[in-house]
Each structure stands twice: as structure tokens, then as C-alpha cells.
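Structure at a glance
The primary structure of each chain is shown beneath.
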Amino acid sequence: MTQTNFVKLVLPFKDKVFRLAKRLLVSREEAEDATQEILMKLWNHKEKIKDYKNVEAFSMTMTKNLCLDRLKSKQAQNLKIVHSNYQDYNISLQKQIEANDSVDWVSKIMEELPDQQKIIVQLRDIEEYGYDEIAKVLEMNETAVRVALSRARKTIREKLTKKHNYGIK
């Protein structure tokens, strides 16, 4: 496989790999490192790529596993937590503060979810993967993916509502 063919193959999904890594690792720098490592692994095994039915699903599985390994390792103590996902300068300061606060709360709530639910929400709601694709990536039953997503969304909704309604009787 030539470099050009490799770039054409991985370019469409490299941003998805980064976003999944960022969701799991939180730190932009760590996510960039993880993405680069995944791309290097794919490049080093470029001759075996043709054996995979879906290279994108394979790379997402690699990303998930690498990120979970990093979180479990000693490197997790060195992760820098930075939220810089949201910027919009066309709204009033009050609306911007409220929007940032809501995005931060959702991110914090998502961090509290079990890893599996966190990954499913990331893949379904942010990356817009289908249930069948998520089931393949996570090696789960499609019904189990739907149930886990429903539970994760319910948890996020309940905790966010609780935060917004704090002090209101």
C-alpha cells in the first residue's frame, strides 16, 4: 500500500478517532498523541489492512482500547483536564456563559458515566455511528447498545435537570 492510498483510506475517519480519544482522555494533547499512535500502528501494519472488512471500525476499536489502557496506566495521573470544545462569539455574554456552563456540566456528567456508556454516547450522539457499527466496535449485541445508550442518556438528563433545578422549589 502506498502512502497516498493509506492517506485516502484513513483521512475520512481520523477526526473521528481524535474525537473519541478526546472524549475518553479529555486532554487535547493526550488525544492528539493517541490519534497519532493509532495512525502509526495502522501504517506499520498497512499490508494487513486489506484483511479487515471495516478499517474505520477497527481503528475506533483500537482507539477505545488504547485510551482505556492509558487511563488505567500510570499515565492517567499525568493527564491534564482542559475543556476547550465550545466557542461561539455571536451570542450575548450571558447566553455564552449559560451555554458554556451546560456544555461543561454535560461533559462532567459524561465523565462520571461507566466507560462503556461514555463510549456509546460518544459514538452515537457525537460521531453519529449506527447501532450496528457501535455493536461491532464494542463487540456487543445491538440491543445491549440501545439499552446502554438509553441508560446513559437518562442519567445525563436526570443529573443535568437536577443541576438546573437546584434551589428551585
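Structural notes, computed from the coordinates. Being a predicted model, the structure only gives us computed values, none of them experimental.

For the chain, the helix and strand inventory stands at eight helices and zero strands. Scanning the chain from its N terminus toward the C terminus, one meets helices and strands in the order α-α-α-α-α-α-α-α. Within the chain, the proportion of its 169 residues that are buried is 36%. Restricting the contact set of the chain to residue pairs at least 6 apart, pairs at least 24 apart contribute 67%. Surface summary for the chain: the accessible area is close to 10,900 Å², and the carbon and sulfur share equals 50%.

It is worth spelling out the packing of aromatic side chains at this point. Going through the model one piece at a time under the given rule, you end up with two aromatic pairs. Measuring from centroid to centroid gives 5.1 Å for Phe6 and Trp43, while their planes differ by 70 degrees, and the two rings are edge-to-face. In this pair, Phe6 sits in helix H1 (residues 3-10) while Trp43 sits in helix H3 (residues 28-44), placing the two residues 37 residues apart along the sequence. Its relative accessible area of 26% is what places Trp43 among the partly exposed residues. When the ring of Tyr52 is compared with that of Phe58, the centres are 4.0 Å apart and the planes differ by 15 degrees; the resulting orientation is stacked.

With that settled, the discussion passes to unusual backbone geometry. Of note, Glu128 is a non-glycine position whose phi angle comes to about 60 degrees, a positive value. You can see Glu128 is positioned in the loop between helix H6 (115-126) and helix H7 (131-138). Using a relative accessible area of 67% as the deciding quantity, one classes Glu128 as exposed. One non-glycine residue, Glu139, lies in the positive phi region at around 55 degrees.

Further remarks concern the nonpolar core. Counting residues in hydrophobic clusters, the biggest one holds 42 residues, and the most contacted among them are Leu42, Ile120 and Leu123. Every element with two or more residues in this core is listed here: H1, helix H2 (14-25), H3, helix H4 (55-72), helix H5 (93-112), H6, H7 and helix H8 (142-164). In terms of domain composition, this core takes at least three residues from each of domain 1 (1-82) and domain 2 (92-169). Those residues within four positions of Leu42 in sequence are excluded, and the remaining contacts are Phe6, Val10, Phe13, Ile49, Phe58, Ser59 and Met62.

The topology assignment puts Arg70 in helix H4. In terms of polar contacts, Arg70 uses its side chain to reach the side chain of Glu30, at 3.4 Å.

Attention shifts here to H3. Here H3 is 17 residues long and its end C-alpha atoms lie 24 Å apart, about the 24 Å a rise of 1.5 Å per residue gives. Along H3, the residues classified as buried are Glu30, Ala31, Ala34, Thr35, Ile38, Leu39 and Leu42. Buried residues belonging to H3 abut H1, H2 and H4.

This paragraph deals with the environment of Arg146. Within the secondary structure, Arg146 sits in helix H8. Distance from Arg146 to Ala135, taken between C-alpha atoms, is 9.3 Å for residues 11 residues apart in sequence.

Quick look at the environment of Thr143 now. Its location among the elements puts Thr143 in helix H8. A relative accessible area of 51% places Thr143 in the exposed class. Separated by 12 residues in the primary sequence, Thr143 and Tyr131 place their C-alpha atoms 8.5 Å from one another.

Conventions we followed
Residues numbered from 1 in each chain as written. Predicted model: local features only at pLDDT ≥ 70, side-chain atom pairs only at ≥ 80, totals over all residues. Heavy atoms only, no water. Helix = DSSP H or I, 4+ residues; strand = E, 2+ residues; numbered from the N terminus. Buried < 20%, exposed > 50% of the residue type's maximum accessible area, 1.4 Å probe, protein only. Contact = heavy atoms within 4.5 Å. Areas by Shrake-Rupley, 256 points an atom, 1.4 Å probe, with all protein chains shown as cover. Phe/Tyr/Trp six-rings, centres within 6.5 Å; stacked < 30°, edge-to-face > 60°. Core = buried A, V, L, I, M, F, W, Y, C linked by side-chain atoms within 4.5 Å. Domains from an automatic or database assignment. Polar contact = N/O pair within 3.5 Å; in protein donor to acceptor, adjacent residues only side chain to side chain. Expected span 1.5 Å × (residues − 1).

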